[in-house]
Amino acid sequence: MSTIVFFIFAILAVAAAWGVVTSKNIVHSALFLALTFVGVAALYVMLNAEFIAAVQILVYTGAVSIMVVFAVMLTLRGDVGESSPENKKWGWGLFVAGLVFVMITAVILTNADWRILEGPWTIQNSTAALSNLLLTNYMIPFEAAAILLTVALVGAVILAKGVRENK
Amino acid sequence: MDALNQLPLNIAATIRSLFGDSHSIWADLTMNVINIILVIVLIVLAALILILLERKIAGWTSQRPGPNRLGPHGWFQTIADALKLLGKEDVTPAGADKFIFKIAPMILFALPMMTLAVIPYGKGMSPIDLDLGIVYFLAISAVSTLSLLMAGWSSNNKYSMLGGMRAVAQMISYEIPLIFSLLGVVMITQTFSLSKIVEAQSTVPFVVLQPLAFVIYLIAGIAEVNRAPFDLVEADQEVVAGPFTEYTGLRWGLFFLGEYGNMTAVAALTTTVFLGGWQGPAILPGYAWFFLKVGIIIFFQMWVRWTFPRIRIDHLMGLAWKVLLPLSILNILLTGLGIYIYDLVLRIGG
C-alpha cells in the first residue's frame, strides 16, 4: 500500500520537475516547481517527518508565488509564452548533471556507515526530538545558518536601498 | 445533555459497528469519506448562511433593510443567487492560460477543505487528529496566495494581475505576525496538536493569558482572508475585484465558497487556539459551544468589514512590519518570561 502511494508521489515529483525544465513559459515552470515541492512534501510525510513536510509547503510553496511575481516583473519580452528559451549548451548541462549524479552515486555506494534502523521508525513526536537536537547537538550549525540568513537579508536591503555616503 | 454531547461519536461508532471488524481499513476508509463529505457540507452551508448574514449585517451597519424580498425577511435570497450562478455561462477569456485559469478556483476551494478537516469540533471530534495541527493549518493556508496569483496571472487582464501581485505583497507582510502570534500558545502548551491545545484550556481560555497574541491574530487573520479593511486584493474600486474579474458562473461561485470557507477556517482556528474551542459550561453540547464561538468571531469580522474603510497597501505593510511584528516578538518574549517565573514560583512554593 505504502509502495503504491510512494510511487504516485515520486512520479508526481519527478514529472513536475521535468515540467520545470522543459516548459517554454517561465510562469508554468514556477508552478511546476510548486507541484514538485508538494510531491516531495508527501514523501517526507511517508518518512514520518511531518514537520519537515509542513515547513516544505509553508516556506517553499509560499516562496513560489513570490518567484512568479519576480518572473513576471523581470521578464523583458512582451510575450510570457516564450520567456524561457531553450539553452543550446545542452552538452555542458549533460556533463555537469552526469558528474553530480556520479558523485552522489559514488558517495552512496562507498559509504559503509549507514545507520539502518532495526524496525520501522516509531518515534511519535518527531518534532520535539528535532527541536531538542537543533538546540543541543546542532546548536552551532543552526545559529550559523540564522546569522547567514540575517546577513543575506541585510545585504539585500542595502543593495536595494543604498547607503548614504556622507555619514 | 451528556447523550447529546456524545451523539456524533455514538453515530460514528454505530457506522463502524456495521463492519465485521470495526477498525478494519474499510471502516476507516468509510469514516474518512463521511468526514470529508461533512466538511464539504459545512463549507457550503457556511457560505450559504454567511453570505446572507453578511448582507444583513451590511444593511444593519448602513441602516437599510438588506435583502428582504424572497422568503421570510429575505432568507431565501442566497439560495436563489446560488441557483442563478449554476445557470450562468462559463466564459474563459481569450488569451487566458486555460488550464491555470480553470484550476485556480478549485485550489482555493480545496484549501479550506484541508484546513477545516483538522479542527476539533468537540471532544474527540476532529475529522483528522494531527499531531502538528497548527503547523499543518498554517502551511495549507499559505498556499491560498498562490491560487489567487494563478487566477490573477492566467486571466490575461491587467487588473487581475495587479490583484494577484497585491495578494503576494500582502501575504509577505501579514504572514509572519500571524505565525508568531500563535507561538505563545504553543510555548505554553508545549504541543502543536489542536485537540491538546483545546484540552489545555479547560480552566481558562488562552485569550486571558495571551490577549496581545489574540488581537494580533485577529488583525492578521482578517488580512489573511482578504476582507476589508485589508481587501486590497479584490478592492472593487481600484482593481475591479482583482483576480476574480474574469470569472463567471460556477467558477466564480467556487471562489466565493473558498473565500467564505477560509473565513470559517480562520474563525475556527481563533476559537480553537484562543477561545477554548468546544470547552464551555455544560448547558450546551461541546460542538454547539464551538460553533457559537466561531459565529461570534465571524460576526466580529463582518462588523469590522462594514465599519472601517480600506487602508492603503503601503499602510498595511507598515502596520504589519512595524507594529504587528515587533508586538508579536514582544509577546513571545513576555510568554517566555512568564513561563520562567511560573516555574520559579512553583519550585519555591512546592
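Note that the coordinates shown come from a computational prediction; the quantities given were computed from them, not determined experimentally.

Novice: It is not clear to me how the overall build of chain B should be interpreted in this structure. Could you clarify?
Specialist: A tally of regular secondary structure across chain B gives 14 helices and zero strands. Each helix and strand of chain B, placed in order from N terminus to C terminus, yields the pattern α-α-α-α-α-α-α-α-α-α-α-α-α-α. Computed over the C-alpha atoms, the radius of gyration of chain B is 21 Å, within 12% of the 20 Å expected from 2.2 N^0.38 for a compact globule of 350 residues. Viewed in the frame of its principal axes, chain B has a C-alpha envelope of about 70 × 55 × 40 Å. Put simply, chain B has 350 residues, and 45% of those count as buried. Put simply, of all contacts in chain B between residues at least 6 apart along the chain, 78% involve residues at least 24 apart.

Novice: Can you help me understand the overall build of chain A in this one?
Specialist: Of regular secondary structure, chain A possesses six helices and zero strands. Counting every position in chain A, which comprises 167 residues, the buried fraction comes to 16%. Of the contacts formed within chain A by residues at least 6 apart in sequence, a portion of 58% connects residues at least 24 apart.

Novice: Any chance you could explain the environment of B:M187 here in plain terms?
Specialist: Among the secondary structure elements, B:M187 is positioned in helix α7 (residues 158-189). B:M187 has contacts with B:T335, B:G336 and B:I339, leaving out every residue within four places of it along the chain.

Novice: Can you help me understand the packing of α7(B) against helix α10 (residues 211-224) of chain B in this one?
Specialist: The description of two helices packed together rests on the angle between their axes and the distance between the axes. Residues and elements named next belong to chain B. One way to put it is that α7 packs onto α10 with a least axis distance of 9 Å and a crossing angle of 150°. By the angle class used here, α7 and α10 are roughly antiparallel. In this structure, the crossing between α7 and α10 has a hand that is left-handed. Mapping the contact onto sequence places Q170, Y174, P177, L178, S181, L182, G184 and V185 in α7 and A213, I216, Y217, A220, G221, A223 and E224 in α10. Considering only residue class, the contact of α7 with α10 consists of 10 nonpolar, four polar and one charged.

Novice: Would you mind showing me how to read the nonpolar core here?
Specialist: Inside soluble globular proteins, nonpolar side chains tend to come together where they are buried. Counting 108 residues, the largest nonpolar core has A:A30, A:A54, B:V135 and B:A139 as the members making the most contacts within it. Residue contributions to this core peak at 13 residues, all from helix α12 (residues 249-274) of chain B. Setting aside residues no more than four positions away along its own chain, B:A139 makes contact with A:A54, A:I57 and A:L58.

Novice: I'm lost on the interface of chain B and chain A in this one. Help?
Specialist: By a frequent convention, interface size equals the accessible area lost on bringing the separate parts together. Contact with chain B, which involves 18 residues of that partner, is made by 18 residues of chain A. At the level of elements, α5 (133-142), α6 (144-154) and α7 of chain B are the ones that each hand at least two residues to the side of chain B that touches chain A. Residues that form the side of chain B that touches chain A fall into these classes: 16 nonpolar, one polar and one charged.

Novice: Hey, could you run me through α12(B) in this one?
Specialist: Structurally, the α-helix is built with 3.6 residues per turn, so residues lying three or four positions apart point the same way. With 26 residues, α12(B) extends 38 Å between its outermost C-alpha atoms, agreeing within 8% with the 38 Å of an ideal straight helix rising 1.5 Å per residue. In terms of residue burial, α12(B) counts as a mostly covered element, since 23 of its 26 residues are buried.

Novice: Help me understand the packing of helix α3 (residues 77-86) of chain B against α12(B), please; the structure alone is not making it clear to me.
Specialist: Residue and element names in this part refer to chain B. Packing of α3 against α12 brings their axes to within 7 Å, and their N-to-C directions diverge by 135°. Accordingly, the angle class assigned to the pair α3 and α12 is oblique. Contact residues: A82, L85 and L86 in α3; G249, L250 and G253 in α12. Split by residue class, the contact of α3 with α12 holds four nonpolar, two polar and no charged.

Novice: What is the right way to read the confidence of the model for chain B from this model?
Specialist: Segments scoring low in pLDDT should not have their predicted coordinates read at a detailed level. Residue and element names in this part refer to chain B. Mean pLDDT for chain B: 84, with 99% of residues reaching 70 or above. Here helix α11 (residues 236-239) stands out as the least confident element of chain B, with mean pLDDT 75; α10 is the most confident, with 89. Here the prediction assigns the complex a pTM of 0.84, and the interface score ipTM is 0.77.

Novice: When you look at unusual backbone geometry in this model, what are you seeing that I'm missing?
Specialist: Residue and element names in this part refer to chain B. At Q63, a position not held by glycine, the phi torsion is positive, near 55°. A positive phi is found at N156, a non-glycine position, where the angle reads about 55°. Of note, N156 is situated in the loop between α6 and α7.

Novice: What is the right way to look at the environment of B:L111 in this model?
Specialist: All names here are of chain B. With respect to the helices and strands, the residue L111 is situated in helix α4 (residues 98-116). Assessed through the 20 C-beta atoms surrounding it within 10 Å, L111 is described here as buried. Spatially, the C-alpha atoms of L111 and F137 are 9.5 Å apart, while their sequence positions differ by 26 residues. Once you skip the residues sitting within four places of it in the chain, L111 turns out to touch I140, S141, V143, S144, G258 and N262.

Novice: Any chance you could explain the environment of B:L52 here in plain terms?
Specialist: Residue and element names in this part refer to chain B. Structurally, the position occupied by L52 is in helix α2 (residues 25-61). Residue classification places L52 among the buried positions, given that 20 C-beta atoms sit within 10 Å. Residues L52 and L212, 160 residues apart in the sequence, show an inter-C-alpha distance of 32 Å. When residues no more than four places from it in sequence are discounted, the contact partners of L52 are P67, W75, Q77 and T78.

The rules behind each value
- Residues numbered from 1 in each chain as written.
- Chains lettered and ligands numbered in written order.
- Predicted model: local features only at pLDDT ≥ 70, side-chain atom pairs only at ≥ 80, totals over all residues.
- Helix = DSSP H or I, 4+ residues; strand = E, 2+ residues; numbered from the N terminus.
- Rg over C-alpha atoms; globule rule 2.2 N^0.38 Å.
- Buried ≥ 20, exposed ≤ 12 C-beta atoms within 10 Å, placed from the backbone.
- Contact = placed C-beta atoms within 7 Å.
- Axes fitted to C-alpha atoms, helices over the stretch in contact; angles between N-to-C directions.
- Parallel < 35°, antiparallel > 145°, perpendicular 65-115°, else oblique.
- Left-handed = near helix turned anticlockwise from the far one by under 90°.
- Nonpolar A, V, L, I, M, F, W, Y, C, P; charged D, E, K, R; others polar.
- Core = buried A, V, L, I, M, F, W, Y, C linked by C-beta atoms within 7 Å.
- Expected span 1.5 Å × (residues − 1).
- pLDDT = per-residue confidence, 0-100.

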